[in-house]
Amino acid sequence: MIVTANIDEVRQLRWAVPNLTWGFVPTMGYLHAGHLSLVQLSLAGNDKTAVSIFINPTQFAPTEDLSTYPRNLAGDLAFLEAAGVDLVFTPSDALMYPPGFQTTVSLSQVTQPLEGSSRPTHFAGVATVVAKLFNIVQPTRAYFGQKDAQQTIVLRQMVRDLNFNLEMVIGPTSREPDGLAMSSRNALLSAENRAAAPVVYRALSAANAAYEAGERFGEVLRQIMIEMITAVPQARIDYVSAADPRTLQELDVVEEGVLLSTAVFFGNTRLIDNILI
Ligand code: AMP
């Protein structure tokens, strides 16, 4: 496994044998089984697999958890080596954002609701860094998790709009045995908050069950989630949503599919999760 923080070296390796397919999994590190599931999809679907580890500062607002975001580069590299990854790109902030950097990729619509309403600068940071990573790695396929549902919609739109020559592959959400979606941020939870956090998936599952039983009013689905989450004193709701999975607009009546999603604070840690019906 080659580990490098050098853009030219990444491009050389990528194009050393031009007709090989490359899968690419961008991450912020502190890797867990959810990341590994995307790596395994990439290993199975491509000749070579590249992973990036970069905690992108521009997708964090000044009030957010950039400084406390968990890191463990040595552990991550051992994990990726054992998985059979070919290339790991570990750029520095200065390499990605050198003095004089002035370009932003921003999307006007799908970035606005849900995560965008709570984190207005987040997706411009994500789209810009992913565009840069795509241009550096030039993968055949890029792998993202359904866990970050809106991110997958934003990045698919960016790939369409900017004609990136790659295929987007979305992998399912990996969960802990108690249903909590795996996340690097779970490591930041106190024991008490960790014990409370599975309510997020329980609430989504309850709304999902109501849908399966025939409930079609968006407001009823949202209310089911609100009631379950507010019953847990450690949880503070940022938003709950039953939205159109394409436009992300809240639905009054669910006719075709629905994206049930929520963001919930436990202490200072903000967790997101979703179920796509
Ligand atoms: P992150 O390191 O949090 O930026 O995540 C890197 C990639 O892993 C993103 O595409 C995430 O959507 C994906 N990911 C994070 N958590 C999970 C999970 N529990 N299951 C599947 N994919 C995940």
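All values reported here derive from a predicted model rather than from experimental measurement. (Residues numbered from 1 in each chain as written. Predicted model: local features only at pLDDT ≥ 70, side-chain atom pairs only at ≥ 80, totals over all residues. Heavy atoms only, no water.)

Counted at 1.5 Å a residue, the expected span for helix α6 (residues 122-137) with its 16 residues is 22 Å, and the 22 Å between its end C-alpha atoms agrees. Of the residues trailing α6, Q138 is marked for its positive phi of about 50 degrees. (Helix = DSSP H or I, 4+ residues; strand = E, 2+ residues; numbered from the N terminus. Expected span 1.5 Å × (residues − 1).)

Another aspect to go through is the pairing of strand β6 (residues 167-171). Of the strand pairs in this sheet, strand β5 (residues 141-145) and β6 are connected by 5 bridges, and their pairing is parallel. Each residue of the ladder has a partner; that of F144, found in β6, is I170. Each parallel crossover has a hand, and for β5 linked through helix α7 (residues 149-162) to β6 it is right-handed. (Pairing = 2+ DSSP bridges. Right-handed = clockwise from strand over helix to strand, strands pointing away.)

What the domain assignment lists for the chain is domain 1 (2-171) and domain 2 (184-276). Summarising the inter-unit geometry, the C-alpha centres of domain 1 and domain 2 are found 26 Å apart. If you look at the interface, domain 1 gives 21 residues, while domain 2 gives 20 residues. Between domain 1 and domain 2, roughly 1,700 Å² of surface is buried when both sides are summed, and carbon and sulfur atoms account for 54% of that area. Looking only at domain 1, the three residues that lose the most surface to domain 2 are L114, E115 and K147, adding up to 31% of its buried area. Of the charged contacts in the structure, one is a salt bridge between R185 and D65, with a shortest N-O distance of 2.7 Å. Inspection of the region where domain 1 meets domain 2 yields 8 residue pairs in polar contact (both at pLDDT 80 or more). Counting residues per element, the ones that place at least two in the side of domain 1 that touches domain 2 are α5 (115-118) and α7. Top contributing element to the side of domain 1 that touches domain 2 by residue count: α7, with 3 residues. (Domains from an automatic or database assignment. Contact = heavy atoms within 4.5 Å. Buried area = accessible area lost by both parts, 1.4 Å probe. Salt bridge = Lys/Arg side-chain N within 4 Å of Asp/Glu carboxyl O. Polar contact = N/O pair within 3.5 Å; in protein donor to acceptor, adjacent residues only side chain to side chain.)

This brings us to the site of the ligand. Near the ligand you find 17 residues, and of these M28, H35, D148, S174 and M182 are the closest. Residue D148 places a side-chain N or O atom 2.6 Å away from an oxygen atom belonging to the ligand. Separating a nitrogen atom of the ligand from a backbone N or O atom of S174 is a distance of 2.8 Å. Protein chains bury 92% of the 480 Å² of accessible surface belonging to the ligand in isolation. Elements with a minimum of two residues in the shell around the ligand: β2 (22-27), α2 (33-45) and β5. Of the residues assigned to the shell around the ligand, the class counts are 7 nonpolar, 8 polar and 2 charged. (Near = heavy atom within 4 Å. Areas by Shrake-Rupley, 256 points an atom, 1.4 Å probe, with all protein chains shown as cover. Nonpolar A, V, L, I, M, F, W, Y, C, P; charged D, E, K, R; others polar.)

This paragraph deals with the pairing of strand β8 (residues 259-266). Counting buried residues along β8, 7 of its 8 residues qualify, which places the element largely inside the surrounding structure. Sheet analysis places strand β7 (residues 235-243) next to β8, joined by 8 bridges and oriented antiparallel. Residue pairing across strands places R236 opposite F265, the latter belonging to β8. Where β8 and strand β9 (residues 269-276) come together, 8 bridges link them in antiparallel fashion. (Buried < 20%, exposed > 50% of the residue type's maximum accessible area, 1.4 Å probe, protein only.)

Let's shift gears to the packing of α2 against helix α3 (residues 73-83). Remark: α2 packs on α3, axes separated minimally by 11 Å, with the N-to-C direction vectors making an angle of 35 degrees. Judged by the twist between their axes, the crossing of α2 over α3 is right-handed. Contact residues: L36, V39 and L43 in α2; F79, L80 and A83 in α3. In terms of residue class, the contact of α2 with α3 is made up of 6 nonpolar, no polar and no charged. (Axes fitted to C-alpha atoms, helices over the stretch in contact; angles between N-to-C directions. Left-handed = near helix turned anticlockwise from the far one by under 90°.)

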